[in-house]
Amino acid sequence: MRSRIHILATGGTIAGETDPASGGTRYTAGVRSVDALLAAVPALSDVADISAEQILALDSKDITPADWLVIRAAAIHSLADPAIDGIVILHGTDTMEETAWFLHLSLPAGKAVVLTGAMRPADHAQPDGPANLLAAVRLAAGNAAQDTGVLVVMNETAHAARWLVKARSSGLDAFESCRPWRDARPDGRFSDLTISALPRVNLLPGYAGAPAELIDACVAAGARGLVLALTGHGSIPAAWLPALRRAKQAGVAILRASRCAGPVVRNTNADDDAEGWLSAGDLPPAKARIALMLALAAGWPDDALRTRLPGL
């Protein structure tokens, strides 16, 4: 029996068109409709029965947590349809790893969920979007993508959301991961979460001379959590300590991560127990932020945040 794959389009470079005034150096993302993108890949009909809807039309640099909730709601609705065997989400590449990780944690396990996009706009002389779309549908329509959690396909290569990173700013091989996608396991620990908005969690980079005033500004703006993308093994600048302690006293969750490849181990290089800080394990800062947002939204108590976040 043929699979039915439902496509959710959110914009991105895969739907982009070049700005003629730029001489071909710039383009506008999210211009072409999902119907136009499907028409450019007639071979899709040989792989599966296809249905599609346009839910957003954004450059993924402009994706917000509110947009994640829109994508999640559309994905949950599609996955609940017994006639649909899997979904493919068309997405821009700038924040693809963030959306994929958010969905990996917050969608129910079972059916295939595959994200794809493009590094070249749709009107490029050699666009990569059509091949990526075809590869994503093929993966979603097969048995191997079931019960793996959220996957991403780019440049004929599949990746698991947990290990995916956009490693280069250009080139068709912009994405990589540290482990093969077939090692992936579903998560979905927040799949039962019902929320209309995600709590504000800010990400602050550590660097030579980074000002502590940014911490106070985030707290004043209503942040419920701070993820610190620190140097080395999650080293806290001494000048930050007073501001971090004020933030903790105000009820803000403080999570140490590293701008390097992890891990950041609890109570190593910092007295997390004494300060009440959290550690990210080997989660990179952007993904640690998403995990903390969902955990706070779910009402995890301090002991669960301490013990469970590093293991995501």
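The preceding data block contains the structure.
I will try to describe carefully the structure that is included in this document.

## Observations regarding helix α5 (residues 129-141)
Link 1 in the chain: The first and last C-alpha atoms of α5 sit 18 Å apart over 13 residues, in line with the 18 Å expected at 1.5 Å per residue.
Link 2 in the chain: Among all positions in α5, only Gly129, Asn132, Leu133, Leu134, Ala136, Val137, Leu139, Ala140 and Ala141 are buried.

## A short note on the side chain of serine 106
Link 1 in the chain: By the secondary structure assignment, serine 106 is in helix α4 (residues 96-106).
Link 2 in the chain: On the basis of relative accessible area, serine 106 is assigned to the buried category, the value being 0%.
Link 3 in the chain: Engagement of the side chain of serine 106 in a polar contact is seen with the backbone oxygen of phenylalanine 102, the distance being 2.7 Å.
Link 4 in the chain: Setting aside anything within four residues of it in sequence, one finds serine 106 in contact with Arg72, Gly188, Phe190, Ser191 and Leu294.

## A few points about the pattern of salt bridges
Link 1 in the chain: Evaluation of the coordinates by the stated rule reveals 14 salt bridges.
Link 2 in the chain: Across the salt bridge formed by glutamate 17 and arginine 32, the nearest N and O atoms sit 2.8 Å from each other. Highlighted residues: glutamate 17 in strand β2 (residues 17-18) and arginine 32 in the loop between β3 (27-28) and α1 (34-39), separated in sequence by 15 residues.
Link 3 in the chain: Using a relative accessible area of 29% as the deciding quantity, one classes glutamate 17 as partly exposed.
Link 4 in the chain: The exposure class assigned to arginine 32 is partly exposed, which follows from its relative accessible area of 30%.

## Overview of α4
In an α-helix, one turn spans 3.6 residues; hence positions three or four apart end up facing the same way.
Link 1 in the chain: Counting buried positions along α4 yields eleven of eleven residues, so the element is predominantly enclosed.
Link 2 in the chain: For α4, every residue scored as buried is listed here: Met96, Glu97, Glu98, Thr99, Ala100, Trp101, Phe102, Leu103, His104, Leu105 and Ser106.

## Points about the sheet that holds strand β12 (residues 225-230)
Link 1 in the chain: Strand order across the open sheet formed by four strands is β11-β12-β13-β14, with parallel pairing between neighbours. Bordering the open sheet on either side are β11 (201-205) and β14 (278-279), each of which pairs with just one other strand.
Link 2 in the chain: Helix-sheet contacts for helix α9 (residues 285-297) involve β11, β12, β13 (253-258) and β14, and the interaxial angle to β12 is about 165°.

## Quick notes on the sheet that holds strand β6 (residues 112-116)
Link 1 in the chain: Strand order in the open sheet formed by six strands is β4-β1-β5-β6-β7-β8, and the pairing between neighbours is mixed. At either end of the open sheet lies a strand with only one pairing partner, and these are β4 (49-58) and β8 (157-160). Strand-to-strand twist across the sheet, computed as the mean angle between neighbouring axes with direction ignored, equals 25°.
Link 2 in the chain: Here β6 runs beside strand β7 (residues 150-154); their pairing, made up of four bridges, is parallel. Its bridge partner being in β7, valine 113 is matched across the sheet by valine 150.
Link 3 in the chain: Sheet strands touched by helix α3 (residues 65-79): β1 (4-11), β4, β5 (86-90) and β6. Its angle to β4, the strand with the most contacts, is close to 165°.

## A look at the packing of α4 against α9
Link 1 in the chain: Two elements in contact, α4 and α9, have axes whose closest approach is 10 Å; the angle formed by their N-to-C orientations is 35°. Relative to α9, α4 is oriented so that their crossing is right-handed. From α4, Glu97, Glu98, Trp101, Phe102, Leu105 and Ser106 reach across to α9, where they touch Ala286, Lys287, Arg289, Ile290, Ala291 and Leu294.
Link 2 in the chain: Of the residues that constitute the contact of α4 with α9, the class distribution is seven nonpolar, one polar and four charged.

## Side note on the packing of aromatic side chains
Link 1 in the chain: Tallying each qualifying case throughout the model produces two aromatic pairs.
Link 2 in the chain: When the ring of tryptophan 68 is compared with that of phenylalanine 102, the centres are 5.3 Å apart and the planes differ by 20°; the resulting orientation is stacked. On the criterion of sequence distance, the pair formed by tryptophan 68 in helix α3 and phenylalanine 102 in helix α4 is long-range, its members being 34 residues apart.
Link 3 in the chain: On the basis of relative accessibility, which here comes to 3%, the residue tryptophan 68 falls in the buried class.
Link 4 in the chain: The residue whose ring lies beneath arginine 308 is tryptophan 300, and the NZ or CZ to ring-centre distance is 3.9 Å.

Rules behind the numbers
Residues numbered from 1 in each chain as written. Predicted model: local features only at pLDDT ≥ 70, side-chain atom pairs only at ≥ 80, totals over all residues. Heavy atoms only, no water. Helix = DSSP H or I, 4+ residues; strand = E, 2+ residues; numbered from the N terminus. Expected span 1.5 Å × (residues − 1). Buried < 20%, exposed > 50% of the residue type's maximum accessible area, 1.4 Å probe, protein only. Polar contact = N/O pair within 3.5 Å; in protein donor to acceptor, adjacent residues only side chain to side chain. Contact = heavy atoms within 4.5 Å. Salt bridge = Lys/Arg side-chain N within 4 Å of Asp/Glu carboxyl O. Pairing = 2+ DSSP bridges. Axes fitted to C-alpha atoms, helices over the stretch in contact; angles between N-to-C directions. Left-handed = near helix turned anticlockwise from the far one by under 90°. Nonpolar A, V, L, I, M, F, W, Y, C, P; charged D, E, K, R; others polar. Phe/Tyr/Trp six-rings, centres within 6.5 Å; stacked < 30°, edge-to-face > 60°. Lys NZ or Arg CZ within 6 Å of the ring centre and 35° of its normal.

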